[in-house]
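Per-entry structural report
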Number of protein chains: 2
Amino acid sequence: MTSKKVIELFYDVVSPYSWLGFEIMCRYRNVWNIELKLRPAFLGGIMQGSGNKPPGLVPNKFMYMTKDLNRLAQYFDVPLQPPSDPFEAMFKKGTCSLSAMRFVAAVQEREKGGDKQVEQVSRELWRRIWSEDKDITEPASLSEAAKKAGLSDGEIKEVLQMSTSKEIKDKLKSTTQDALDIGAFGFPLVVCHVDGKPEMFFGSDRFELMAHCIGEKWLGPQPGKSAAKL
Amino acid sequence: MTSKKVIELFYDVVSPYSWLGFEIMCRYRNVWNIELKLRPAFLGGIMQGSGNKPPGLVPNKFMYMTKDLNRLAQYFDVPLQPPSDPFEAMFKKGTCSLSAMRFVAAVQEREKGGDKQVEQVSRELWRRIWSEDKDITEPASLSEAAKKAGLSDGEIKEVLQMSTSKEIKDKLKSTTQDALDIGAFGFPLVVCHVDGKPEMFFGSDRFELMAHCIGEKWLGPQPGKSAAKL
């Protein structure tokens, strides 16, 4: 048995394409011989640091993205539903995912080795903004998401406190800087470590190529279903 | 037997991702039950008309694209090799693909119903700019590409003359406008007509989703090879 390939996934819950990428990678962590490392980071910092602009500022691109997200969500079986005002969600709330991502970083710090809670809290935050059209900026919103993710009241209180600490602010900054240093200009960003070399994949549309690069097989967005059909 | 689904492919030979999309669609025209319509257009007009900016203006994005193109070209088995100065090829020559695309439009006009010559001339132009690092702006360059594509000297002379006529200029303008009206903001753009409704796909990374939408099967970028393996 060969050793597991390490794959890092950089994401921000404000990014709908990150949600798609996140669910695919979570599904494949048990299908491919990989060790998935979740790297919650801050997309706002990536855009600023790389000098990139949100794609939705071009009207035709924005309309396409809405359609594309709908189609992909259905095909990937992810309950993503663009909010009533996707522009506001992506750009105004976008600048406000900082507290949400600090919260996720705090969950990860508290969880130490594990990442079950990080996975679930991230998913619940995506569900709020990208499925239920709810806020993700207020502490009460973050608590609610964490509660749904299964954290106890005590744990939530602790995480909320941690999330405003210098330690956690620095942690999120440092993860974001790691992504920039690797060459990020947006999220999701998947970094596969193959034979000591990092192979970087941007977006949620390179999984087949990624599988090819790491010597695994792409079984479609729902590998469980495909495997059952084979 | 159900009637063939019409699929339009809008492209410009200055766009390397268009080359990848073009080769895939040309391979699948005989695998899927489709009628492929080649729609050579002018990317410069799309960028201007939609207000979009070339992706390579962000340094991290530009570096990623170079890497991404190399990996995809290998996986798709398309002899694409970024030229010595890809930035110049994409942006400076980019503004100069106008005469090349008028030339392609003229080939198509002359060919009437068929599109064998359009296919071959387009491929030879891509090969020049995106594989051999050669010019595509001078009449001599266009002639050379057409010669390699199998056109006779007489045909080439005729096409060169046609390509500066008002009729061909208007034809290219009108195809570009068609793409803008559908919602284009870049190339390649594939428009699948499914049950009378156009489904638009941007880029060279939605083939699996496209197959799903038109009720066909995605067999990877080299369907011949995959089919042989099955």
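Check the entry above for the structure.
The present account deals with the structure reproduced in this document. All residue numbers here refer to positions counted from 1 along the written sequence of the relevant chain. Here chains are named by letter from A upward and ligands by number from 1 upward, in the order in which they appear as written. Confidence filtering applies because this is a predicted model: local features only for residues at pLDDT of at least 70, side-chain atom pairs given and counted only at 80 or more, and all residues used for totals across whole chains, interfaces and linings. Side-chain numbers here rest on the full set of heavy atoms in the structure, without hydrogens or water.

1. Some words on the environment of F185 of chain B
Only DSSP runs of H or I covering at least 4 residues are called helices, and only runs of E covering at least 2 are called strands; the numbering of each starts at the N terminus. The topology assignment puts F185 of chain B in the loop between helix 9 (166–182) and strand 3 (189–194). Since its relative accessible area comes to 3%, F185 of chain B is described here as buried. Each C-alpha atom, one on F185 of chain B and one on K53 of chain B, is 9.1 Å from the other, the two residues being 132 residues apart in sequence. Every residue in contact with F185 of chain B, bar those within four places of it in the chain, is listed here: V58, N60, K61 and Y64 of chain A together with I46, M47, S50, N52, M200 and F202 of chain B. Only protein chains enter the area calculation, which uses a 1.4 Å probe; residues under 20% of their type maximum are buried, those over 50% are exposed, and those in between are partly exposed. Any pair of residues with heavy atoms lying within 4.5 Å of one another is described as a contacting pair.

2. Re the side chain of S18 of chain B
In this fold, S18 of chain B is placed in helix 1 (residues 16–28). Classification of S18 of chain B by relative accessible area gives buried; the value is 0%.

3. Description of the sheet that holds strand 1 (residues 5–11) of chain B
Hydrogen bonding along the main chain pairs the strands of a sheet, whether they run parallel or antiparallel. Residue and element names in this part refer to chain B. Strand pairing follows a simple DSSP-based rule, namely that at least 2 bridges must link the two strands. A sheet is described by the order of its strands in space; here four strands give the open sequence 2-1-3-4, paired in mixed fashion. Among the strands making up the open sheet, the edge pair consists of strand 2 (34–40) and strand 4 (197–202). Put simply, the sheet's adjacent strands are angled 20 degrees from each other on average, direction ignored. Examined bridge by bridge, strand 1 and strand 2 share seven bridges and lie parallel to one another. In the strand pairing of strand 2, L9 is matched with L38. Axis angles are defined between N-to-C directions and span 0 to 180 degrees, where every axis is a line fitted to C-alpha atoms and, for a helix, only to the segment in contact.

4. Brief notes about the interface of chain B and chain A
Note on interface size: it is often stated as the accessible area lost on association of the parts. Counting from both sides, the interface comprises 31 residues of chain B and, opposite them, 31 residues of chain A. For any pair of parts, buried area is found by adding up, for both, the accessible area (1.4 Å probe) each one loses once the two are put together. For the pair chain B and chain A, the summed buried surface comes to about 2700 Å²; carbon and sulfur atoms form 52% of the total. Taken as a group, Y64, R71 and Y75 of chain B account for 23% of the area that chain B buries against chain A, more than any other trio of residues on that side. Salt bridge, as used here, is a side-chain nitrogen of Lys or Arg placed within 4 Å of a carboxyl oxygen of Asp or Glu. Where chain B meets chain A, there are eight salt bridges. With a closest N to O distance of 2.8 Å, R71 of chain B and E199 of chain A form a salt bridge. Distance and chemistry together define a polar contact, namely a pair of N or O atoms within 3.5 Å, with one atom able to donate a hydrogen and the other to accept it when in protein, and with adjacent residues in sequence counting only for side-chain atoms on both sides. Along the contact surface separating chain B from chain A lie 21 residue pairs in polar contact (both at pLDDT 80 or more). Secondary structure elements with two or more residues in the side of chain B that touches chain A: helix 3 (59–76), strand 4 and helix 10 (207–214) of chain B. When residue character is reported, Ala, Val, Leu, Ile, Met, Phe, Trp, Tyr, Cys and Pro are called nonpolar, Asp, Glu, Lys and Arg charged, and the others, Gly included, polar. Here the side of chain B that touches chain A is composed, by residue class, of 16 nonpolar, seven polar and eight charged.

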